[in-house]
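As a plain string of letters, each chain reads:
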Amino acid sequence: MRRLHELGLGDEPDPELDEFARRVGEVTKAPLAMVNFVRDDRQYLGGLYAGPTVPEALRTALAGRTFTREHGYCPHVVVRRKALVLDDVCDYPRFAGNPVVDEIGIRSYLGAPLIDRTGVALGTVCVVDVEPRPWGRPGLGTIKALASEMVAQIHAREGT
């Protein structure tokens, strides 16, 4: 949390991060893309892209940009410090019971950690879909590259 505070991240929407999330959505062809900062008590979507096919219930759930740590898959990515590919979350008993499956209809997830120069895992760059998606190795490589790009942008902001 201290590192996020130092960087001025994770408390309010950021137009640059929203633009980055939009690009992540375009590159991955995912309807929902996020730059998610994970704190001790919550998750915050500093960057958010919700494409035109995102269902209204999901759009409404995302409006506040804040989730508990129990919702979603990003806290797992941060703790593991490794990317996570879930082509169909229902294929994984550990993840199928997550509240985002039943409450907002998430069926697939692809995310990579944002590990800064100090070694702190700040959050993730991730995409989700309400349909199963065969992300595979190409998706994994793409999300890792995008996470590295986001970390470079965070470091560039730190210097200004």
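Remember, it's a predicted structure, so these values are computed and weren't measured experimentally.

## Digging into the nonpolar core
Thinking step 1. Leu32, Tyr73 and Tyr109 are the most contacted members of the largest nonpolar core, which totals 25 residues.
Thinking step 2. Looking at this core, the elements that each hand over two or more residues are strand E1 (32-38), strand E2 (43-50), helix H3 (56-62), helix H4 (74-80), strand E4 (84-86), helix H6 (99-104) and strand E6 (121-129).
Thinking step 3. Contact partners of Tyr73, with chain neighbours within four places excluded, come to Leu84, Leu86, Val89, Phe95, Asn98, Val100, Val101, Ile106 and Tyr109.

## Focus: helix H2 (residues 15-28)
Thinking step 1. If you check H2, its first and last C-alpha atoms are 20 Å apart, about what 14 residues at 1.5 Å a residue would give, namely 20 Å.
Thinking step 2. Those residues of H2 not exposed but buried are Leu17, Phe20, Ala21, Val24, Gly25 and Thr28. Seen from one end, H2 has its buried residues packed into an arc of 145°, which puts them on one side. Away from the buried face of H2 by more than 90 degrees, exposed residues Pro15 and Glu16 are located.
Thinking step 3. Of the residues flanking the start of H2, the one acting as N-cap is Asp14, its side-chain oxygen 2.8 Å from the backbone nitrogen of Glu16.
Thinking step 4. The positive-phi residue at the C-terminal boundary of H2 is Lys29, with phi of around 60°.

## Here's the deal with the state of the cysteines
Thinking step 1. In total, this model carries zero disulfides according to the counting rule given.
Thinking step 2. Free of any disulfide, Cys90 has its nearest neighbouring cysteine sulfur in Cys74, separated by 18 Å.
Thinking step 3. For Cys90, a relative accessible area of 41% corresponds to the partly exposed category.
Thinking step 4. Unpaired in terms of disulfides, Cys126 finds its nearest cysteine sulfur in Cys74, a separation of 3.6 Å.
Thinking step 5. Assessed through its relative accessible area of 1%, Cys126 is described here as buried.

## Focus on the packing of H2 against helix H7 (residues 136-158)
Thinking step 1. Two elements in contact, H2 and H7, have axes whose closest approach is 11 Å; the angle formed by their N-to-C orientations is 165°. By the angle between their axes, H2 is roughly antiparallel relative to H7. Between H2 and H7 lies a crossing whose hand is right-handed. Contact residues: Glu16, Leu17, Phe20, Arg23, Val24, Val27 and Thr28 in H2; Thr142, Ile143, Leu146, Glu149, Met150, Gln153 and Arg157 in H7.
Thinking step 2. Along the lines of polarity and charge, the residues of the contact of H2 with H7 split into seven nonpolar, three polar and four charged.

## Quick notes on the side chain of Asp116
Thinking step 1. Here Asp116 shows up in the loop between strand E5 (108-115) and E6.
Thinking step 2. At 2.4 Å, the side chain of Asp116 forms a polar contact with the side chain of Arg3.
Thinking step 3. Setting aside residues no more than four positions away along its own chain, Asp116 makes contact with Arg3, Leu7, Leu122, Val151 and His155.

## Here we look at the environment of Leu58
Thinking step 1. Among the structural elements, Leu58 can be located in helix H3.
Thinking step 2. With a relative accessible area of 2%, Leu58 lands in the buried category.
Thinking step 3. Those residues in contact with Leu58, other than ones at most four positions away along the chain, are Leu32, Ile104, Ile106 and Val130.

Calculation notes
- Along each chain, numbering runs from 1 in the same order as the chain's sequence is written.
- Reporting of local features is limited, given that this is a predicted model, to residues whose pLDDT is at least 70; pairs of side-chain atoms are given and counted only at 80 or more, and all residues count toward the totals for whole chains, interfaces and linings.
- Hydrogens and waters are ignored; side-chain quantities use all the structure's heavy atoms.
- Put simply, buried Ala, Val, Leu, Ile, Met, Phe, Trp, Tyr and Cys residues joined by side-chain atoms within 4.5 Å make one nonpolar core.
- The buried label applies to any residue whose accessible area, calculated with a 1.4 Å probe on protein chains only, is under 20% of its type's maximum; exposed applies above 50%, and partly exposed to all values in between.
- A run of H or I in DSSP counts as a helix once it spans at least four residues, and a run of E counts as a strand once it spans at least two, with each numbered from the N terminus.
- It only takes one pair of heavy atoms within 4.5 Å for two residues to be counted as in contact.
- Expected span of a helix: the number of residues minus one, times 1.5 Å.
- This arc is built from the directions going out from the helix axis to the C-beta atoms.
- Polar contact is the term for a pair of N or O atoms within 3.5 Å; when the atoms are in protein, one must be able to donate a hydrogen and the other to accept it, and sequence-neighboring residues count only if both atoms are side-chain atoms.
- Any cysteine sulfur atom paired with another within 2.5 Å is treated as part of a disulfide.
- Axis definition: a line fitted to C-alpha atoms, limited for helices to the stretch in contact. Angles are taken between N-to-C directions and run from 0 to 180 degrees.
- An angle counts as roughly parallel when it lies under 35 degrees, as roughly antiparallel when it exceeds 145, as roughly perpendicular when it falls between 65 and 115, and as oblique in every other case.
- Whether a crossing is left-handed or right-handed is set by the direction in which the near helix is turned from the far one by less than a right angle, anticlockwise for left-handed and clockwise for right-handed.
- For this scheme, ten residues count as nonpolar: Ala, Val, Leu, Ile, Met, Phe, Trp, Tyr, Cys and Pro. Four count as charged, namely Asp, Glu, Lys and Arg, and the remainder, Gly too, count as polar.

Geometric values such as these leave the question of function open.
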